[in-house]
Amino acid sequence: KAHIRFPPLIKKVEEHFLSSRSFPGIITVDLILLIRFDLLMLFSTYSLLTAPLLFDAYLNLGLIHRLLKELNQAQQLYKKAWEIAVSMKDFDKETLAMIHLAVCLLDRGELKEAIDTYFEPLMEFKTAMTKHTRALYLLYYGGACRSAADWGRAKEYLREALELAK
């Protein structure tokens, strides 16, 4: 099982309830311990039921950090999403995480590494991808090819992505 630690969040929840004056007599030590236990259970381990939710959360948090240009943090979150996808044996989610890792490299200006590490190896599995994932993959790979002045492949991949989007 993967372990995810969010002690600052748990501490803030505890502090909020301990300092709460709006519910005197209702907020008890037992309630605080119960909330802390629930948060620890939610954030410290995951099962096959919660893994898809955690995957989505890591992917979305990674996107937020990437848009904020916090690329190291985004990359760490995308890697965690990928690890969860691998543990779930979900090829589509693994692929989505790898696409996002490639985009993170593109944002850093590491075009060759993005193509060599992620886009090229994924091409072999293009037909196994879901329609949505394949369209996203081809869109970003086509953009990377355009940036690399590989006009033929860029045109091919972008056209295919457009057809999938219809």
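Notes on the structure follow. These figures come from a predicted structure and were not determined experimentally.

Let's talk about the overall build of the protein
A count of helices and strands for the protein gives eight helices and zero strands. Scanning the protein from its N terminus toward the C terminus, one meets helices and strands in the order α-α-α-α-α-α-α-α. In the protein, once contacts between residues fewer than 6 apart in sequence are set aside, the share between residues at least 24 apart is 53%. Summed over all atoms, the accessible surface of the protein reaches about 10,400 Å², with 62% contributed by carbon and sulfur.

Remarks on helix H6 (residues 111–123)
Of all bends in H6, the biggest is about 25°, found at Thr-117, and the proline Pro-121 comes one to four residues later. On its buried face, H6 sits against helix H5 (91–108) and helix H7 (131–147).

As for the pattern of salt bridges
On inspection of all chains with the given rule, the structure shows six salt bridges. Note that Asp-116 is salt-bridged to Lys-112, the shortest N-O span being 2.6 Å. Of this pair, Asp-116 and Lys-112 both sit in helix H6, four residues apart, which is roughly one turn of the helix. The closest approach of N and O atoms between Arg-153 and Asp-150, which form a salt bridge, is 2.6 Å. A single network of salt bridges, built from pairs that share partners, joins Glu-120, Asp-150 and Arg-153.

Observations concerning the nonpolar core
The tendency in soluble globular proteins is for nonpolar side chains to be buried as a group. Counting residues in each nonpolar core, the largest one holds 39 residues, and the members touching the most others are Phe-55, Ile-84, Phe-119, Tyr-137 and Tyr-141. Elements supplying a minimum of two residues to this core: helix H3 (51–67), helix H4 (71–88), H5, H6, H7 and helix H8 (151–165). No other element matches the nine residues that H5 contributes to this core. Not counting residues within four places of it along the chain, the set of residues in contact with Phe-119 comprises Ala-102, Leu-106, Ala-114, Tyr-137, Tyr-140, Tyr-141 and Ala-144.

Section: the packing of H5 against H6
One can describe the packing of H5 onto H6 by two numbers: an axis separation of 8 Å at closest approach and a directional angle of 165°. Between H5 and H6, the angle is such that the two are roughly antiparallel. Between H5 and H6 the crossing geometry is left-handed. Seen from H5, the contacting residues are Thr-95, Met-98, Ile-99, Leu-101, Ala-102, Leu-105 and Leu-106; seen from H6, they are Leu-111, Glu-113, Ala-114, Tyr-118, Phe-119 and Leu-122. Residue composition of the contact of H5 with H6, by class: 11 nonpolar, one polar and one charged.

Here's the deal with the environment of Leu-138
The topology assignment puts Leu-138 in helix H7. We classify Leu-138 as buried; its relative accessible area is 0%. C-alpha of Leu-138 to C-alpha of Lys-126: the two residues are 12 residues apart in sequence and 8.9 Å apart in space. When near neighbours in sequence (up to four residues on either side) are disregarded, Leu-138 contacts Lys-126, Tyr-157, Leu-158, Glu-160, Ala-161 and Leu-164.

So, how was this worked out
- Residues numbered from 1 in each chain as written.
- Predicted model: local features only at pLDDT ≥ 70, side-chain atom pairs only at ≥ 80, totals over all residues.
- Heavy atoms only, no water.
- Helix = DSSP H or I, 4+ residues; strand = E, 2+ residues; numbered from the N terminus.
- Contact = heavy atoms within 4.5 Å.
- Areas by Shrake-Rupley, 256 points an atom, 1.4 Å probe, with all protein chains shown as cover.
- Bend = angle between axes of the 7 residues up to and from the residue.
- Salt bridge = Lys/Arg side-chain N within 4 Å of Asp/Glu carboxyl O.
- Core = buried A, V, L, I, M, F, W, Y, C linked by side-chain atoms within 4.5 Å.
- Buried < 20%, exposed > 50% of the residue type's maximum accessible area, 1.4 Å probe, protein only.
- Axes fitted to C-alpha atoms, helices over the stretch in contact; angles between N-to-C directions.
- Parallel < 35°, antiparallel > 145°, perpendicular 65-115°, else oblique.
- Left-handed = near helix turned anticlockwise from the far one by under 90°.
- Nonpolar A, V, L, I, M, F, W, Y, C, P; charged D, E, K, R; others polar.

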